[in-house]
Amino acid sequence: MKRRNYHLFEIKGLNQERFFNQLCKDFEVFEIDRLQKNHCKFKVKYHDGKKVKKILLQNNYQIISEKKAGFFNNLHIFLTSYGLIAGIVLSVFLYCLQSPFIQKVEVRGVENYLEIEEFVEKNLPTKNKNAIDISQIEHMINYHFDEISFVSGAVIGQSLVINVKTEIVPPEMKDEFAPIVSQYDGVITDIELVQGTLKVEVGDIIQKGQILVEGYVVNSQGEQFNIQPKANIYMDIWVEGEATHFNERLVTYRTGNKVIQVCVTLFGQQFYSNGKTCNFEQFETQQTSQMLNKNNILPFVVTKTTYYELKSQKITSTFEQEKENVIELAKQNCLQKLQGCEIIKKENYQIIEGAGSTTVRYVITANLLVQGENESLHKQT
């Protein structure tokens, strides 16, 4: 096994075999290297070096060189190096002497950190780490620098580290923004505020036109800034639609007969007519006009008038006969008041009878998502 702590001798002399036989009785000798007949190297334990050297000199051996190695040798060199020890002791003493004090002020988070560092160093009441009041320093910086919105300090090692954030007002906060307003009557079921000032709570009954989120925020200093309101507000709304059935009603319809009249005018004066006339007792018209510009320099206007014959018929029916159609019509009138993206939760209708008529009132309960731009989206459930 290779030893780490040893004393190496290189010697010259006669009768080395007898010498080593005698030496091995009292000391551990290892790694004997014969260089020549009377010239060799060998190692002994580090602590046996002095004794072996004394025996070599007593036996008239010439010691060419010797070398010490290992931990004990390094420790001996260190302990006898009084200058190095004195330097270490002095360094430890000076470190212990100055360690309770702040040596550096470091500001993070802003570009103009030098101004803040100079301010803190100038107004720091003490550099003793145990006597520094961090909250007092934070308040002092926040009060002196108006643009700073957040200050956090801490003592790390021998440095006073101060993290700051400047108050950045986005361009959009300089303008005025319209609030988010409810377009329906309903009840608030859930709120996810993104930015702005909330004016309602979950469970509030809302009327159409009521403000939900204002377009401003108020900071910790009580200052108000305009900002585009953004929020996801879920509401249960009620929408009504009606349809009325009359027991007797007059229905007007086209018979299929029609008369087409064509005339051409020039500068407002009739230039041509096909001579057709309408003799229907009851009719409705449809008219179109266009310029006759092709291959013509003069501004001729062609007017086409179509007369459709109408007939009126009195129809008698009971509500029971038309009930399904009337309910469906009331439902469609109700759905037209929705934006089409709501989640319908409940539907019901009410039948109201009158003199010669019956009215169906259809009511839909739906969940609506109101966003900043008054958009409506499905709420995933």
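Bear in mind that the values here come from a model prediction, so they are computed numbers and not experimental data.

Cut-off values and rules
- Residues numbered from 1 in each chain as written.
- Predicted model: local features only at pLDDT ≥ 70, side-chain atom pairs only at ≥ 80, totals over all residues.
- Heavy atoms only, no water.
- Helix = DSSP H or I, 4+ residues; strand = E, 2+ residues; numbered from the N terminus.
- Buried < 20%, exposed > 50% of the residue type's maximum accessible area, 1.4 Å probe, protein only.
- Phe/Tyr/Trp six-rings, centres within 6.5 Å; stacked < 30°, edge-to-face > 60°.
- Core = buried A, V, L, I, M, F, W, Y, C linked by side-chain atoms within 4.5 Å.
- Domains from an automatic or database assignment.
- Contact = heavy atoms within 4.5 Å.
- Pairing = 2+ DSSP bridges.
- Axes fitted to C-alpha atoms, helices over the stretch in contact; angles between N-to-C directions.
- Polar contact = N/O pair within 3.5 Å; in protein donor to acceptor, adjacent residues only side chain to side chain.
- Parallel < 35°, antiparallel > 145°, perpendicular 65-115°, else oblique.
- Left-handed = near helix turned anticlockwise from the far one by under 90°.
- Nonpolar A, V, L, I, M, F, W, Y, C, P; charged D, E, K, R; others polar.
- Patch = residues over 30% accessible without salt bridge, like charges linked within 9 Å, V, L, I, M, F, W, Y side chains within 5 Å.
- Areas by Shrake-Rupley, 256 points an atom, 1.4 Å probe, with all protein chains shown as cover.
- Salt bridge = Lys/Arg side-chain N within 4 Å of Asp/Glu carboxyl O.

Enquirer: Explain the overall build of the protein to me, using residue names and the numbers behind them.
Expert: A count of helices and strands for the protein gives seven helices and 21 strands. Across the 381 residues that make up the protein, the buried fraction comes to 30%.

Enquirer: Hey, could you go over the environment of Ala178 for me, with residue numbers and the actual values?
Expert: Looking at the secondary structure, you find Ala178 in the loop between strand S7 (159–166) and strand S8 (180–181). In the structure, Ala178 is positioned 35 residues away from Val213 in sequence and 9.2 Å away in space, judged by C-alpha atoms.

Enquirer: Kindly report on the packing of aromatic side chains, identifying the contributing residues and their values.
Expert: Summed over all chains, the structure comprises six aromatic pairs. When the centroid spacing of 5.6 Å and the interplanar angle of 25° are considered together, the rings of Phe9 and Phe42 count as stacked. In this pair, Phe9 sits in strand S1 (residues 6–12) while Phe42 sits in strand S3 (residues 39–45), placing the two residues 33 residues apart along the sequence. Like Phe42, Phe9 is buried. Aromatic side chains Phe283 and Tyr307 sit 5.5 Å apart centroid to centroid with 75° between the ring planes, which places their arrangement in the edge-to-face category. Here Tyr307 lies in strand S19 (residues 300–316) and Phe283 lies in strand S18 (residues 283–292), a separation of 24 residues in the sequence. Judged by its relative accessible area of 16%, Tyr307 falls in the buried class. Grouped by ring-pair contacts, the aromatic residues Phe9, Phe19, Phe20, Phe42 and Tyr61 constitute a single cluster.

Enquirer: Outline the nonpolar core, supporting the account with residue identities and numerical values.
Expert: If you look at the biggest cluster of nonpolar residues, it comprises 26 residues, and the most contacted ones within it are Ile188, Leu212, Ile233, Met235, Ile237 and Val370. Listing elements by their share of this core, those giving two or more residues are strand S9 (186–195), strand S12 (211–214), strand S15 (230–246), helix H7 (319–335) and strand S21 (357–370). Taken domain by domain, this core gets at least three of its residues from each of domain 3 (180–232) and domain 4 (242–247 + 317–380). The residues touching Ile188, leaving out its near neighbours within four places in the chain, are Val200, Glu201, Val202, Gly203, Asp204, Ile206, Ile233, Tyr234 and Met235. Membership of the second largest hydrophobic core comes to 17 residues, among which are Ile102, Val110, Ile116 and Leu160.

Enquirer: I'd like to hear about the sheet that holds strand S4 (residues 62–69), residue by residue, with values.
Expert: Spatially, four strands are ordered S2-S3-S1-S4 in an open sheet, and the strand pairing comes out antiparallel. Each edge of the open sheet is held by one strand with a lone partner, namely strand S2 (29–36) and S4. Averaged over all adjacent pairs, the angle separating strand axes in this sheet is 15°, with direction ignored. Where S1 lies against S3, seven bridges are found, and the strand directions are antiparallel.

Enquirer: Would you mind going over the sheet that holds strand S16 (residues 248–266) in detail, with residue names and values included?
Expert: Spatially, S17-S16-S19-S18 is the arrangement adopted by the four strands of the open sheet, whose pairing is antiparallel. Looking at which strands have only one partner, the edges of the open sheet turn out to be strand S17 (269–273) and S18. Taking the axes of each pair of neighbouring strands and ignoring which way they run, one obtains an average angle of 35° across the sheet. Note that S16 and S17 share four bridges and pair antiparallel. When the sheet's bridge partners are listed, Leu266 is paired in S17 with Gln269.

Enquirer: Mind laying out the side chain of Gln16, listing which residues take part and the relevant values?
Expert: Position of Gln16 among the secondary structure elements: in helix H1 (residues 16–26). Judged by relative accessible area, Gln16 falls into the buried class, the value being 3%. A distance of 3.2 Å separates polar atoms of two side chains, one belonging to Gln16 and the other to Arg34. When sequence neighbours within four positions are dropped, the list of residues in contact with Gln16 reads Ile11, Arg34, Lys37, Asn38, His39, Cys40 and Tyr61.

Enquirer: Explain the pairing of S9 to me, and be specific about the residues and the numbers.
Expert: A regular strand places its side chains on the two faces of the sheet in alternate fashion. The pairing of S9 with S15 spans eight bridges and is antiparallel. Bridging across to S15, Ile191 finds its partner in Ile233.

Enquirer: How would you summarise the packing of helix H5 (residues 113–123) against helix H6 (residues 134–144) if you had to cite specific residues and measurements?
Expert: Interhelical geometry of H5 versus H6 gives an angle of 130° and a closest axis separation of 11 Å. In terms of axis orientation, H5 runs oblique to H6. Read as a crossing pair, H5 and H6 show a hand that is right-handed. Listed contacts from H6 to Ile116, Phe119, Val120 and Asn123 of H5 are Ile137, Met140, Ile141 and His144. Grouping the constituent residues of the contact of H5 with H6 by class yields six nonpolar, two polar and no charged.

Enquirer: Report on the side chain of His39, specifying residues and quantitative values.
Expert: Inspection of the secondary structure puts His39 in strand S3. By relative accessible area, His39 is classed as buried at 11%.

Enquirer: How would you explain a nonpolar patch on the surface if you had to name every residue and give the values?
Expert: Together, Phe71, Phe72 and Leu75 line one region of the surface with nonpolar side chains, adding up to about 290 Å² of accessible area. Following the sequence through the fold, Phe72 ends up in helix H3 (residues 71–80). For Phe72, a relative accessible area of 35% translates into the label partly exposed.

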